[in-house]
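# Tertiary structure, described
Each chain, written out:
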Amino acid sequence: MELRALLLLPLCFPALQAQAPDAEERQAEGSALSIRCHYKAQTNYQQQKAWCRMRDGECEPLVETTQYKNKATKGKVTIVDDGRYRTVSITMTNLQAEDSGTYSCAYLYNSYRYIPLRTISLIVLKPLQAQAPDAEERQAEGSTLSIQCPYTAWTDYQQKKAWCRVRDRQCELLVETTKPAQYPYRNEATKGKVTIVDDGWYRTVSISMTNLQAEDSGTYSCAYLYNSYRYIPLRTISLIVFKALQAQPPDAEERQAEGSALSIRCPYTARTKYQQQKAWCRVRDGECEPLAETTKPAQYSYRNEATKGKVTIVDDGLYGPVTITMTNLQAEDSGTYSCAYLYNSYWYIPLRTISLIVFKQLHTGEWDSLSVQCPYSGLKYGMATKVWCRREGQTKCKTVARSDHPSTWHNSQALEDRTLIQDDTQKRTVNITMQKLQAQDSGLYWCALYRGHELIRIMEFQLSVSKSEAPNSLSSISPVIPSNSTESTIDIEEEMKPHRLQTILWLVLGIVSSKILAIVILVLLTRRVKRTSTVKASR
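For clarity, every value in this text was computed on a predicted model and none was experimentally measured.

## Regarding the environment of Thr-65
Note that Thr-65 resides in the loop between strand E4 (58-64) and strand E5 (71-74). On the basis of relative accessibility, which here comes to 2%, the residue Thr-65 falls in the buried class. Along the chain, Thr-65 and Lys-49 lie 16 residues apart, while their C-alpha atoms are 5.4 Å from each other.

So this is what it looks like as structure tokens:
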């Protein structure tokens, strides 16, 4: 009797043939799992199908079809056997963390053994712990995001680390590390355009996302996996990826002296909503670099103002214009700028674009010398030919000196012969020296470089040379003043005072010496004449 009971035991508890999971399904709590399991012709349509949870190699049927019914629901699980397409469909609703485990679609063979069709590993993740973004990262399309997320000793190196996109507090896994070997201290994984590196030695997770696009904008978290079903955030950021600014040539050129202020107005029409954020952008390579931007206004407020550094932006929703003020302008502020509004949270649309030129003012007198410095950026410009040229009209700039033509001083009145240019490629600075300046040298000058056949302005100078009397022979050559700063006014009088005083002293000393020498000679001659007269009288 006991032997018969043992023989009948497999009929009561059908074992599942061992099969490693062929897929991993990750779902958030409260979501639904839907999968399909295909079977072949040798699997009879009349055979019962089941959805099993596997524990210790045993099948615990959660739901199963019968010989006469191909659809069944039990609790939150539904199974449908479609004999026409030979497919078993499974749906599990309202998933919870405790549903995590290994599952199989299976069919019943010989009334006592379940044969698996497909086996999966299900991981149900709890929502991420609420964490407001601790930083905002702004990137242009096509650029790369690189951030680091340190963790403390409480976070075990062996725990998996992940980079998640956060939606409704759920972690949408983009990439994660694998469980590391026992001793290696660097764990790296790449999926698509995202790379994650877990450095266990320095306890830092590094994330790199390449080729960013506007649709990548959102909230992201570095996180570690706790108890196999919950991600705990280490750091959360808000990522904003901007599309390139719509191409718009400058519709005006604004020229300002250093130290002055720029004030412009950018009107907008009814198509541009007042509630949309406005910005003042510096445009480089078609990308908007926001210098200042308004916040989202209150519902009934009609004036929205923001200041950042030396830039103030005011959006007047009642009368329509955006007003920009930039104070204490410097030569390096020269460039292209746009008033713009934010469209769809990631795209700046320009309202008005200008070209801003900030020039240095230089004041000196005739016969003085002048030295200026023009710093340039970028290694790619190190070997380019540098030029000092004088503007003539609106488009032409007449070359005065070039770095690829050695400059030497000549005893000539021509400006070209009185100008020296030197390119210090180590300091990335062009040094210009002009001697014996004349009133007719006054004008607008460019420090520029050649990019191919195109002349690119580095800096602009407004030179003013005031008339003065021609120097005497003692001061015909003025000393060259080295320029170690970017001051726009050069005064040589203070430098010349010591030299003039010294000259006057030498002149006085010479005159006094000459008079003393004349007196001595006169005395000697007088004594000689007296001696001669005495000798003759004695004879």
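## Some words on the pairing of strand E33 (residues 443-451)
With respect to burial, E33 is a largely interior element, seven of its nine residues being buried. Inspection of the sheet shows strand E29 (residues 386-392) paired to E33 by five bridges, in the antiparallel sense. Its bridge partner being in E33, Val-387 is matched across the sheet by Ala-448. Two strands pair when backbone bridges link them, and E33 and strand E34 (residues 454-466) are joined in this way by nine bridges, in the antiparallel orientation.

## Considerations on the state of the cysteines
Scanning the model with the defined rule gives eight disulfides in all. Linked covalently through their sulfurs, Cys-37 and Cys-105 form a disulfide whose S-S length is 1.8 Å. With Cys-37 in strand E2 (residues 33-38) and Cys-105 in strand E8 (residues 101-109), the pair connects residues that are 68 residues apart, well separated along the chain. On the basis of relative accessible area, Cys-105 is assigned to the buried category, the value being 1%.

## Observations concerning the sheet that holds strand E31 (residues 419-424)
If you walk across this open sheet you meet the three strands as E28-E32-E31, and the pairing is antiparallel. Each having just a single partner strand, strand E28 (370-375) and E31 make up the two edges of the open sheet. Each strand of the sheet is rotated relative to its neighbour by a mean of 15°, with strand direction disregarded. The pairing of E31 with strand E32 (residues 429-434) spans six bridges and is classified as antiparallel. Residue pairing across strands places Leu-420 opposite Thr-433, the latter belonging to E32.

## Examining the environment of Tyr-268
Mapped onto the fold, Tyr-268 is located in the loop between strand E20 (262-267) and strand E21 (278-284). Tyr-268 sits in the buried class, given a relative accessible area of 12%. With 49 residues separating them in the primary sequence, Tyr-268 and Gly-317 have C-alpha atoms 9.6 Å apart. Only 2.7 Å separates the side chain of Tyr-268 from the side chain of Asp-315, close enough to count as a polar contact.

## A closer look at unusual backbone geometry
A positive phi is found at Asn-94, a non-glycine position, where the angle reads about 50°. Residue placement: Asn-94 occurs in the loop between strand E7 (87-92) and E8. In this structure Asn-94 comes out as partly exposed when scored by relative accessible area, which is 45%. The phi dihedral of Asn-211 is positive, around 50°, even though this residue is not glycine. Counting through the fold element by element, Asn-211 comes out in the loop between strand E16 (204-209) and strand E17 (218-226). The exposure class assigned to Asn-211 is partly exposed, which follows from its relative accessible area of 44%.

## Brief notes about the confidence of the model for the protein
The pLDDT averaged across the protein works out to 80; a share of 81% of its residues lies at or above 70. Note on residues 1-13: pLDDT under 50 across the span, and four contacts to partners over four residues away in sequence or across chains. Contacts of residues 472-497 to residues separated by more than four positions or lying in other chains number 44 contacts, the stretch itself having pLDDT below 50.

## Notes on the pairing of strand E25 (residues 321-326)
Remember that side chains alternate between the two faces of the sheet whenever the strand is regular. By the bridge criterion, six bridges tie E20 to E25 in an arrangement that is antiparallel. Across the sheet, residue Leu-262 finds its bridge partner in E25, namely Met-326. By the bridge criterion, five bridges tie strand E24 (residues 311-316) to E25 in an arrangement that is antiparallel. Bridge pairing links Val-311 to Met-326 in E25. What sits between E24 and E25 in their antiparallel hairpin is a turn of four residues, with Gly-320 showing a positive phi close to 100°.

## Considerations on the pattern of salt bridges
On inspection of all chains with the given rule, the structure shows 21 salt bridges. Note that Glu-258 is salt-bridged to Lys-360, the shortest N-O span being 3.0 Å. A residue pair is termed long-range when its members are at least 10 positions apart, and Glu-258 in the loop between strand E19 (252-257) and E20 and Lys-360 in strand E27 (residues 347-365) qualify at 102 residues. Here Glu-454 ties to Arg-451 by a salt bridge, and the two come within 3.9 Å at their closest N and O atoms. A relative accessible area of 44% places Glu-454 in the partly exposed class. Via salt bridges that share partners, Glu-253, Arg-255, Arg-457 and Glu-460 belong to a single interconnected network.

## Some points on the sheet that holds strand E6 (residues 77-82)
Taken together, four strands build an open sheet; the order of strands is E2-E7-E6-E5 and the sheet is antiparallel. Sheet topology places E2 and E5 at the edges, where each strand pairs with a single neighbour. Strand-to-strand twist in this sheet, taken as the mean axis angle between neighbours without regard to direction, amounts to 15°. Both E2 and E7 contribute to a ladder of six bridges, which runs antiparallel. What sits directly across from Arg-36, in E7, is Ser-89.

## Observations regarding the packing of aromatic side chains
Tallied over the full model, the rule gives five aromatic pairs. Note on Trp-163 and Tyr-220: the rings are 5.4 Å apart at their centroids and 10° apart in plane angle, and the pair reads as stacked. With a gap of 57 residues between them, Trp-163 in strand E12 (residues 161-167) and Tyr-220 in strand E17 connect regions that are remote in the sequence. Residue Trp-163 shares its accessibility class with Tyr-220, and that shared class is buried. An angle of 55° between the planes, with centres 5.6 Å apart, marks the rings of Trp-388 and Phe-461 as tilted. Here Trp-388 is found in strand E29, whereas its partner Phe-461 is found in strand E34, with 73 residues between them in sequence. An identical accessibility class is assigned to Trp-388 and Phe-461; each is buried. Put simply, the rings of Trp-388, Tyr-445 and Phe-461 pair up and form one aromatic cluster. When the ring centre of Tyr-151 is taken as origin, the NZ or CZ atom of Lys-161, which lies over that ring, is 4.7 Å away.

Criteria and thresholds
Residues numbered from 1 in each chain as written. Predicted model: local features only at pLDDT ≥ 70, side-chain atom pairs only at ≥ 80, totals over all residues. Heavy atoms only, no water. Helix = DSSP H or I, 4+ residues; strand = E, 2+ residues; numbered from the N terminus. Buried < 20%, exposed > 50% of the residue type's maximum accessible area, 1.4 Å probe, protein only. Pairing = 2+ DSSP bridges. Disulfide = S-S within 2.5 Å. Axes fitted to C-alpha atoms, helices over the stretch in contact; angles between N-to-C directions. Polar contact = N/O pair within 3.5 Å; in protein donor to acceptor, adjacent residues only side chain to side chain. pLDDT = per-residue confidence, 0-100. Contact = heavy atoms within 4.5 Å. Salt bridge = Lys/Arg side-chain N within 4 Å of Asp/Glu carboxyl O. Phe/Tyr/Trp six-rings, centres within 6.5 Å; stacked < 30°, edge-to-face > 60°. Lys NZ or Arg CZ within 6 Å of the ring centre and 35° of its normal.

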